[in-house]
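Observations on chain architecture
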Amino acid sequence: MTGRDDARTAVLAKIRAALDDRPATVGIPRAYEQTLPGDQDVMELFAERVADYQAVVHRATPPGLAATIAAIIEANDARRLAVPAGVAASWLTASSAERVADEPPLTHHQLDQLDGVVTGCAVAIAETGTIVL
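In this report, the structure presented in the accompanying data block is examined. (Residues numbered from 1 in each chain as written. Predicted model: local features only at pLDDT ≥ 70, side-chain atom pairs only at ≥ 80, totals over all residues. Heavy atoms only, no water.)

What follows concerns the environment of Q40. Looking at where Q40 falls in the secondary structure, it is placed in the loop between α1 (3-18) and α2 (42-51). As for Q40 and E103, which are separated by 63 residues in sequence, their C-alpha atoms are 41 Å apart. (Helix = DSSP H or I, 4+ residues; strand = E, 2+ residues; numbered from the N terminus.)

Okay, the pattern of salt bridges next. Applying the stated rule across the entire model yields 5 salt bridges. Residue R79 pairs with D77 through a salt bridge whose shortest N-O separation is 2.5 Å. Residue class for R79 comes out exposed when judged on its relative accessible area of 51%. Between E98 and R80 there is a salt bridge; the shortest N-O distance is 3.0 Å. In this pair, E98 is assigned in strand β2 (residues 98-101) and R80 in strand β1 (residues 80-83), connecting sequence segments 18 residues apart. A relative accessible area of 40% places E98 in the partly exposed class. Here R80 falls in the partly exposed class, since its relative accessible area comes to 28%. Ionic contacts of the salt-bridge type, sharing partners, join the residues E48, R49 and E127 into one network. (Salt bridge = Lys/Arg side-chain N within 4 Å of Asp/Glu carboxyl O. Buried < 20%, exposed > 50% of the residue type's maximum accessible area, 1.4 Å probe, protein only.)

Pairing within the open sheet is parallel, and its 3 strands lie in the order β2-β1-β3. At either end of the open sheet lies a strand with only one pairing partner, and these are β2 and β3 (116-117). As paired elements, β1 and β3 share 2 bridges and run parallel to each other. Looking across to β3, one finds that L81 is bridged to G116. (Pairing = 2+ DSSP bridges.)

Our focus in this paragraph is unusual backbone geometry. With omega at -5°, the peptide bond leading from E103 into P104 counts as cis. Mapped onto the elements of the fold, P104 is located in the loop between β2 and α4 (108-112). A positive phi is found at Q54, a non-glycine position, where the angle reads about 65°. The topology assignment puts Q54 in the loop between α2 and α3 (65-75). Despite not being glycine, D77 shows a phi value in the positive range, around 50°. Mapped onto the secondary structure, D77 falls in the loop between α3 and β1. Among the residues examined, D77 registers a relative accessible area of 46% and is labelled partly exposed.

Generally speaking, nonpolar side chains in soluble globular proteins are found buried as a group. Counting residues in hydrophobic clusters, the biggest one holds 9 residues: I69, I73, A78, L81, V83, V87, L92, A97 and V118. Elements supplying a minimum of two residues to this core: α3 and β1. Discounting chain neighbours no more than four positions away, the residues touching V87 are V118, T119 and G120. Counting residues in hydrophobic clusters, the runner-up holds 5 residues, among them L36, F46, V50 and A126. (Core = buried A, V, L, I, M, F, W, Y, C linked by side-chain atoms within 4.5 Å. Contact = heavy atoms within 4.5 Å.)

Honestly, it's all geometry; don't read function into it.
What follows is the structure in structure tokens.
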């Protein structure tokens, strides 16, 4: 164990000791709004919000997703793409771009040699335009 590991272990031990008298689980309040008011279109709101970040939204149905992704890849003349673990292979069936696995994680230099990344997200928040990877 290095000095850094010793320090980390000591800090985590102090945190655990400080939390010993706390309950193991804490209820998470879920009383917040979960839908938009009225008939507001969640996808339109999301597209509007991410446009603030200069993002472009392309809508696709599940059967058309691979073709939409392939068209975006082709329009950007992307030939080599990083593809993290967990990305569905079906998303890239219509593209001839080379897929470069991110296992083990690619270095900065290796990423610089690529034309882009295809990834999904865990959730997208329409109200703020936030994408959680």
